[in-house]
Each structure stands twice: as structure tokens, then as C-alpha cells.
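In case you want the letters, here they are:
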Amino acid sequence: MTQNLRHTSPTGEVVVIGPVLPYRGGISQYNTALMRSMLRLQLSRIGVSFSRQYPRWLYPGKSDVDSALSNHVEEGIVYSIDSINPVTWWKTYRDILRRAPALVVFHWWTIFWGPCFFFLAWLLKRKGIQIAFICHNLEDHDATGIKSSVARHALSMADAYLVHSTEHLNILRSRYPCKRVLFHPIPIYGHYPSPKGTMAKRGRLELLFFGFIRPYKGLDVLLEAMEFLDDQDVYLTVVGESWGETDDLFEAARRLGPRLELHLRYTSDEEAAEFFDRADVVVLPYRTATGSAVAAVAHRYLKPVLATRVGGLPDVVIDGETGFLVNAGDKHALAASIRSMTREETAALSIRIAAFTQRWNWDSLAATVKSLVHPVETSISSRNCTDDR
């Protein structure tokens, strides 16, 4: 028994759907960098983004648009999809269909986009266009029951997948043995500017927690580790918007005093550069994870990462080379690792970090996305292929 894979585009064009600037967040920064490489290398001629990403009532931060770039329009991008207006989904489908691409690639990171992406993927597949997902998550970090079921059903629409962790590589290859699944780490975020060195280091060690503050990221475990460590020469800076209550953070600041510095807001790239420049180590105490954009930013500034052994973090945090690994949820192990570090030791890892990041860049990621297009007129055996739908 064979499965015939359909291919329609003589040009082999790839269309990528996802947020770009001026939208905020790691997925937007990722897709902006990816699309710039795709367009420059002529692997794609156009990308599709959103006219409205989230309704205001759903987004927990102040805005999903970077105020400093509110009028920015990314070259080569059509901002056409309104998340809550299905009419725009249909128009986007018609526009893509007229281009007759070989492959349409969706960024998958939250169930919120399930209905829109399922609608588009289903229509495009009916016309013989291949579908791929770049899986930042396989499902939401807090997903249970119906959310997990919907996420799995939406992902089953794809002909191919790109993942950022070997854990997800193995899951998807097991779940969909007939489909192409490729792995590529998140490249460094080179658009972040060089620091001006406006922040002086303090004590014997500077730690940085950066990014949106959500329960799965384990900041509470890091704060407990700081209390257990009880080292007056170790400083922690927390930078990012909280997606929940902040009372516990301010209470921790009261207990830790000057050892904890809070900046509970979105920061510009220029500000972020100074925080990363001051840090000796960037800490990712996540309970769960896939890839991490924060690790990619840390590596851009040649900073080692102290992370937990979850998801895709061990793929980019190589213990003793690009950072340090501990078990998730273990404040004692986290404190012990911090206690053993010296500023000189962490700075010495910069050479190994630089070597690691040179292997994986946005051009190599763009080429990997392009290679998700299956060869024309390929027929594969499906005798042992039982996709889990």
C-alpha cells in the first residue's frame, strides 16, 4: 500500500504564516529573523502576518505591539489575518492559493490559533498544497483535556514539522512515522544591539531572569533558591511582564532586599542589551520547556545559561560548555550550582558559546524550512505508518 504525496508548485515557493514586527515576543522576533533570511535567500517571496493578533481582553500584557515600532511594516510581509474575523481567514486563503506555493508553514505555539490555522490548512491541503508546522510548543504549557486534544488534531493536518528540541523530534516521529520531522536549534537573536556598558556588575555574581513571567517558568523556585543560598554577594535581576499577580514577587523583594532587582515591564532591545551585558549567568529555572528564545538571546551576548533538564533546554545548554544544568523544581540543586560558580569561570565559557552559535544561524534555519518541501512525485510505503489523529 502506498501514500502518494501531492505537489503543485513549479517554483517551489514557501509561504510562512506567523507574527512579525511590530508584534512583541519571542515568536515574532524569531519569525522576523527567519523571514528576512527566507526573502534574502529567495526561498520565499512573501510572508503572512496578522492585522490583529489577539483581542485586547485576551492579552495579559499592556499591548502585543512594541510601542517603539508601532508604525513599522516589515518588508515582504502581508498583514492580513484578524484573529477573530473568519472573513480575513478566507481572504488569506484565496491570496495564498493564487500564489500556488509548494509549502505553507504555520508557527504553532498556542491553541488560540487552532481554529484559524486548522481552517487554512484544511482548505490548502484540499488544493494539494503541502502544510508544515514550526512547533515552538506541541501544546500550551497549561494544556489539559480538550486543549490537548484540539492541539493534537490541528497538528495532525501537517505533512511535515520543524522542532527545536530532540524531545519533540522523537515524539512527532513516533506519532507520525510517515511524515518528515526536522530539528534545528533556535539561532541567536543577532538583531539585539551591542551594549553600551551602562550597568556595573555587583558582588561576585550577577544572575538574570528575563522574559514573560509565567508559572511554568519556575521563577518562584529561583527565588526560593536565592533565599536558601543566603549569599549577600549574589544578585538577581528579574526583567519582564508578569502574566499573573505580582504580590509574591514584591514579598520576595522585601525578604531579599538589594539582592533582588525587579523590572516588571516590557523592555526595549536597547535596555535588554544592558541587562544581558551586566549578567554573568542567565537563569532558566523552567518546570517545562520546548526551545527557549531567552537562551538564544543569552548566547547572542555570549552569556552561559543555568537551566533545568526539561524539553529542549539540554539541546542548547550543554553542561560545562554553554551553561549548566540542574533538575527542574529543585531549589537546593539550583542554589548549589549558583554557589559553585565564579565570575571568571562563567566568562571563560564565552569561547565555547561562540563556537556553538556559529553552527546554527538564521540562514541554516531558512534552508531547513525549505527542505520541508517533499520531493516531487514521491511515493512512500505506509504499511507501518499509523498516524495518531
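Here the structure is a predicted model, which is why all the values come from computation and not from measurement.

Enquirer: I'm lost on the overall build of the protein in this one. Help?
Expert: Scanning the protein from N- to C-terminus turns up 14 helices and 15 strands. Computed over C-alpha atoms, the radius of gyration of the protein comes to 22 Å, within 12% of the 21 Å expected from 2.2 N^0.38 for 389 residues, which places it in the range of a compact globule. In terms of overall dimensions, the protein has a C-alpha envelope of 65 × 45 × 40 Å along the principal axes. Taking all 389 residues of the protein together, the buried fraction comes to 55%. Look at the contacts in the protein between residues 6 or more apart in sequence, and 75% of them connect residues 24 or more apart. Approximately 17,000 Å² of the protein is accessible, and the part contributed by carbon and sulfur atoms is 53%. Averaging the coordinates of the 44 positive side-chain charges in the protein and doing the same for the 41 negative ones gives two points 8 Å apart.

Enquirer: Hey, could you run me through the sheet that holds strand β2 (residues 14-17) in this one?
Expert: Strand pairing within a sheet occurs via backbone hydrogen bonds; the two strands may be parallel or antiparallel. With parallel pairing, seven strands are arranged side by side in an open sheet as β4-β3-β2-β5-β6-β7-β8. At either end of the open sheet lies a strand with only one pairing partner, and these are β4 (77-82) and β8 (180-183). Ignoring strand direction, the axes of neighbouring strands in this sheet form an average angle of 25°. Lying on the sheet, helix α2 (residues 86-99) is in contact with β2, β3 (47-52), β4 and β5 (103-108); it crosses β4 at an angle near 145°. Strand contacts of helix α5 (residues 166-175): β6 (130-135), β7 (160-163) and β8, with the helix running at about 175° to β8, the strand carrying the most contacts.

Enquirer: Where do I start with the packing of helix α6 (residues 219-229) against helix α11 (residues 331-340) in this structure?
Expert: The relative placement of two packed helices is expressed as an angle between their axes plus a distance between the axes. Close contact between α6 and α11 brings their axes to 8 Å; oriented N to C, the two are set at 60°. Compared by their axis directions, α6 and α11 come out oblique. In terms of crossing hand, the pair formed by α6 and α11 is right-handed. Listed contacts from α11 to Val221, Leu222, Glu224, Ala225, Phe228 and Leu229 of α6 are Lys331, His332, Leu334, Ala335, Ile338 and Arg339. The class makeup of the residues in the contact of α6 with α11 is eight nonpolar, one polar and three charged.

Enquirer: Where do I start with the pattern of salt bridges in this structure?
Expert: When charged atoms on two side chains of opposite charge get close, those side chains can pair. Scanning all chains against the criterion turns up 21 salt bridges. A salt bridge links Asp280 to Lys201; the nearest nitrogen and oxygen atoms lie 3.1 Å apart. Here Asp280 is found in the loop between α8 (269-278) and β12 (281-284), whereas its partner Lys201 is found in the loop between β8 and β9 (205-210), with 79 residues between them in sequence. In this structure Asp280 comes out as buried when scored by relative accessible area, which is 5%. Owing to a relative accessible area of 36%, Lys201 belongs among the partly exposed residues under this scheme. With a closest N to O distance of 3.0 Å, Arg265 and Glu271 form a salt bridge. When salt bridges with common partners are traced through the structure, they connect Arg202, Glu206, Glu261 and Arg278 into a single cluster.

Enquirer: Please explain the sheet that holds strand β14 (residues 323-326) as it appears in this structure.
Expert: In spatial order, the strands read β11-β10-β9-β12-β13-β14; together these six strands make up an open sheet with parallel pairing. Of all strands in the sheet, those bounded by a partner on one side alone are β11 (260-263) and β14. The sheet shows a mean angle of 20° between the axes of neighbouring strands, direction not considered. In this sheet, β14 lies alongside strand β13 (residues 305-308) in parallel orientation, the contact comprising four bridges. Bridge pairing links Ala307 to Leu325 in β14. Packed on one face of the sheet, helix α9 (residues 293-300) meets β9, β12 and β13 and runs near 175° to β12.

Enquirer: What exactly am I supposed to notice about the pairing of β5 here?
Expert: Successive residues of a regular strand alternate their side chains across the two faces of the sheet. Taking burial as the measure, the six residues of β5 include six buried ones, the bulk of the element. Both faces of β5 are covered, namely the face carrying Leu103, Val105 and His107 and the face carrying Val104, Phe106 and Trp108. After leaving β5, the chain enters helix α3 (residues 114-126) and then returns to the sheet as β6, a path that is right-handed.

Enquirer: Just checking my understanding: could you explain the packing of α6 against helix α7 (residues 247-256) for this structure?
Expert: Two elements in contact, α6 and α7, have axes separated by 11 Å at closest approach and are oriented at 15°. Judged by the angle between their axes, α6 and α7 are roughly parallel. At the point where α6 passes α7, the crossing takes the left-handed sense. Contact residues: Leu219, Leu223, Met226 and Glu227 in α6; Leu249, Ala252, Arg255 and Leu256 in α7. For the contact of α6 with α7, a count of residues per class yields six nonpolar, no polar and two charged.

Enquirer: Would you take a moment to explain the environment of Leu103 for this structure?
Expert: If you trace the backbone, Leu103 turns up in strand β5. Spatially, the C-alpha atoms of Leu103 and Tyr192 are 30 Å apart, while their sequence positions differ by 89 residues. In this view, Leu103 contacts Glu13, Val14, Val15, Ile129, Gln130, Ile131, Ala132, Val369, Leu372 and Val373; residues no more than four positions away in its chain are not counted.

Enquirer: I'm lost on the environment of Ala279 in this one. Help?
Expert: Along the polypeptide, Ala279 turns up in the loop between α8 and β12. Taking relative accessible area as the criterion, Ala279 reaches 3% and is therefore assigned buried. The spatial distance from the C-alpha of Ala279 to the C-alpha of Asn71 is 32 Å, given a sequence separation of 208 residues. Not counting chain neighbours up to four residues away, the residues in contact with Ala279 comprise Lys201, Glu206, Leu208 and Lys303.

Rules and cut-offs
- The residue numbers shown here count from 1 along each chain, following its written sequence.
- pLDDT decides what is reported in this predicted model: residues at 70 or higher carry local features, side-chain atom pairs at 80 or more are listed and counted, and totals for whole chains, interfaces and linings draw on all residues regardless.
- Each side-chain value is derived from all of the structure's non-hydrogen atoms; neither hydrogens nor water enter the calculation.
- Secondary structure elements are taken from DSSP: a helix is a run of H or I of four residues or more, a strand is a run of E of two residues or more, and numbering for both begins at the N terminus.
- Each radius of gyration is computed over the set of C-alpha atoms, and the globule rule expresses the reference value as 2.2 Å times the number of residues to the power 0.38.
- Using a 1.4 Å probe on the protein chains alone, a residue whose accessible area is under 20% of its type maximum counts as buried, one over 50% counts as exposed, and one in between counts as partly exposed.
- Here a residue-residue contact requires only that any non-hydrogen atoms of the pair lie within 4.5 Å.
- Here the open area of atoms and residues is found with the Shrake-Rupley method and a 1.4 Å probe, where only the protein chains shown may cover a residue.
- Neither His nor the chain ends is counted toward charge; the positive residues are Lys and Arg and the negative residues Asp and Glu.
- To locate a charge, take NZ of a lysine, CZ of an arginine, CG of an aspartate or CD of a glutamate.
- A strand pair is defined by DSSP finding two or more bridges across the two strands.
- Axes, fitted as lines to C-alpha atoms, cover a helix only where it is in contact. Angles between the N-to-C directions of the axes lie from 0 to 180 degrees.
- Here roughly perpendicular refers to angles of 65 to 115 degrees, roughly parallel to angles under 35, roughly antiparallel to angles over 145, and oblique to all remaining angles.
- Left-handed describes a crossing whose near helix is turned anticlockwise from the far helix by less than a right angle; the clockwise case is right-handed.
- Charged residues are taken to be Asp, Glu, Lys and Arg, nonpolar residues to be Ala, Val, Leu, Ile, Met, Phe, Trp, Tyr, Cys and Pro, and polar residues to be all remaining types, Gly included.
- Each salt bridge in this description consists of a side-chain nitrogen of Lys or Arg and a carboxyl oxygen of Asp or Glu lying within 4 Å of one another.
- Every crossover in which the path from the first strand over the helix to the second runs clockwise, viewed with the strands pointing away from the viewer, is termed right-handed.

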